[in-house]
Amino acid sequence: MEKTATAAGCRSGEWTLAEAEVLGRSVLRAPSAHHAQPWRVELTDGAVLLCERVDVTLPRHDPHRRDLAMSCGTALANLELAVRVLGRRAEVTVLPDPAHPEVVARVEAAEPLPPTDQELRRYGAIMVRRSHRGAFTGLPVTAEQTARVVAAAVTTGVKAAPLDGTERLAKFFEHAARALQDDEAYQSELALWTVRDEAFPHRHGAGTRSTVELPWGGLVRRRATVLPDLLVRRERLEAETVLLFTTADDARADHIHAGYALERCWLEGVTLGLAGAVLTQPLRVPEVRSALCEDYRLAGFPQALLRLGRSTRVAPSSLRRGVAEGLGRKWR
């Protein structure tokens, strides 16, 4: 990396205040584990650095920081789109400087280049994308739509594939949910990231809402979540498509690429009128991850699941940190 930047040393360079707002808000709208938003953006001369916040930790759920790295990958996908809609070619380098491991990626804003129609549609999807944690309703996702969503991951080095066998998936999710309900350390950590007073903004602008309808995902609470029986779980899974994202290796760069691919696929799904939600908690239960690899004969490492379906409801927007908090000091 030719230029190294830190929180204290970044310069605004060629970026205007309006452009900084576009870049900051695009990252702000990315999905993240426990809605922790573990990133910040640093603006340099003609480039943007995406950095991981080391002060954000999920020691029980994510001791190896897989999900936090994936969260930064989703932010990178949004950031790249933002550079493109600003009319510049985006040159992305993941983990550009070994001396500064907190720098997740560098996005060079190269020569002028108009965005494509697809990029404009996906950028528009950033602001309307929501996590739909309830049951899906209506017509199922078509094979053509699934193929279009999966194709969004083709150039990322990450494989996205739909999983069949609703009964198998239902059993996996049930085992993961019960394991997490009985995990006291996980429950304590989840409580710290749960926003209990929804009438007023959370002072940190981060965390998950206390009302979660998905009855088999990782956001299960010991006393508040009632798990449905196998028949109900299977019926609900038949109304949705579940994509599994796998990587060839299990290093930090793979986790970043997995999040990057996941967000690209999710945004493509939104452009098709689909709702979605990410599940990683079942994959953090070791026996579930191992069984998934064995049953589906996976050649790579499973990193995340993306549920896709249709809904007549618009999910509420999650809480967000302030734009100024995510940008360097120059822009506060």
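Worth saying up front: this structure is predicted, and the values here are computed from it rather than measured.

Let's shift gears to the overall build of the protein. Looking only at helices and strands, one finds 10 helices and 10 strands in the protein. The buried share among the 332 residues of the protein stands at 53%. Taking the intrachain contacts of the protein between residues at least 6 apart in sequence as the baseline, contacts between residues at least 24 apart amount to 77%. Total accessible area computed for the protein in this model is approximately 14,800 Å², and 53% of it derives from carbon and sulfur atoms.

Our focus in this paragraph is the pairing of strand S9 (residues 275-279). A regular strand places its side chains so that they alternate between the two faces of the sheet. Summarising burial for S9: 4 of the 5 residues are buried, a large majority. The pairing of S9 with strand S10 (residues 301-309) spans 5 bridges and is antiparallel. Following the sheet pairing, valine 278 is matched in S10 by leucine 306.

Along helix H4 (residues 143-151), the residues that are buried comprise Gln145, Thr146 and Val149. Viewed along the axis of H4, the buried residues span an arc of 100°, placing them on a single side of the element. Across H4 from its buried face, at more than 90 degrees, point the exposed residues Ala143 and Glu144. Tucked into the core, H4 has its buried residues touching strand S5 (159-162), strand S8 (241-247), helix H8 (252-271) and S10.

What follows is about the sheet that holds S10. Sheet architecture is open: 4 strands sit in the order S5-S8-S10-S9, paired in antiparallel fashion. Edge positions in the open sheet fall to S5 and S9, since each of these has one partner strand only. Strand-to-strand twist across the sheet, computed as the mean angle between neighbouring axes with direction ignored, equals 25°.

A few words on the environment of leucine 327. Examined against the element boundaries, leucine 327 turns out to sit in the segment after helix H10 (323-326). Taking the relative accessible area as the measure of exposure, leucine 327 reaches 5% and is therefore buried. With 303 residues separating them along the chain, leucine 327 and glycine 24 place their C-alpha atoms 6.6 Å apart.

Counted under the stated rule, the structure contains 21 salt bridges. We note a salt bridge from lysine 171 to glutamate 167, for which the minimum N-O separation is 3.8 Å. Of this pair, lysine 171 and glutamate 167 both sit in helix H5 (residues 166-181), separated by 4 residues, roughly a single helical turn. With a relative accessible area of 45%, lysine 171 lands in the partly exposed category. Through salt bridges with shared partners, a single ionic network connects Glu52, Arg65 and Arg252.

Let's shift gears to helix H6 (residues 184-192). Inspection of H6 places Tyr186, Gln187, Glu189 and Leu190 among the buried residues, and these make up the whole buried set. Taken around the axis of H6, the buried residues stretch over an arc of 165°, which confines them to a single face. Relative to its buried face, H6 has exposed residues pointing more than 90 degrees away, namely Glu184 and Leu192. Structurally, the start of H6 carries an N-cap: the backbone nitrogen of alanine 185 is 3.1 Å from a side-chain oxygen of aspartate 183.

Okay, the nonpolar core next. With 53 residues, the main nonpolar core has Leu23, Leu50, Phe245 and Cys265 as its most contacted residues. If one sorts the elements of this core by residue count, helix H2 (residues 66-85) sits on top with 10 residues. Apart from the residues within four sequence positions on either side, leucine 23 is in contact with Trp15, Leu43, Val48, Leu79, Ala82, Val83 and Leu86. Residues Leu163, Leu169, Ala170 and Leu227 belong to the second largest nonpolar core, which totals 23 residues.

The rules behind the values
Residues numbered from 1 in each chain as written. Predicted model: local features only at pLDDT ≥ 70, side-chain atom pairs only at ≥ 80, totals over all residues. Heavy atoms only, no water. Helix = DSSP H or I, 4+ residues; strand = E, 2+ residues; numbered from the N terminus. Buried < 20%, exposed > 50% of the residue type's maximum accessible area, 1.4 Å probe, protein only. Contact = heavy atoms within 4.5 Å. Areas by Shrake-Rupley, 256 points an atom, 1.4 Å probe, with all protein chains shown as cover. Pairing = 2+ DSSP bridges. Arc of directions from axis to C-beta. Axes fitted to C-alpha atoms, helices over the stretch in contact; angles between N-to-C directions. Salt bridge = Lys/Arg side-chain N within 4 Å of Asp/Glu carboxyl O. Polar contact = N/O pair within 3.5 Å; in protein donor to acceptor, adjacent residues only side chain to side chain. Core = buried A, V, L, I, M, F, W, Y, C linked by side-chain atoms within 4.5 Å.

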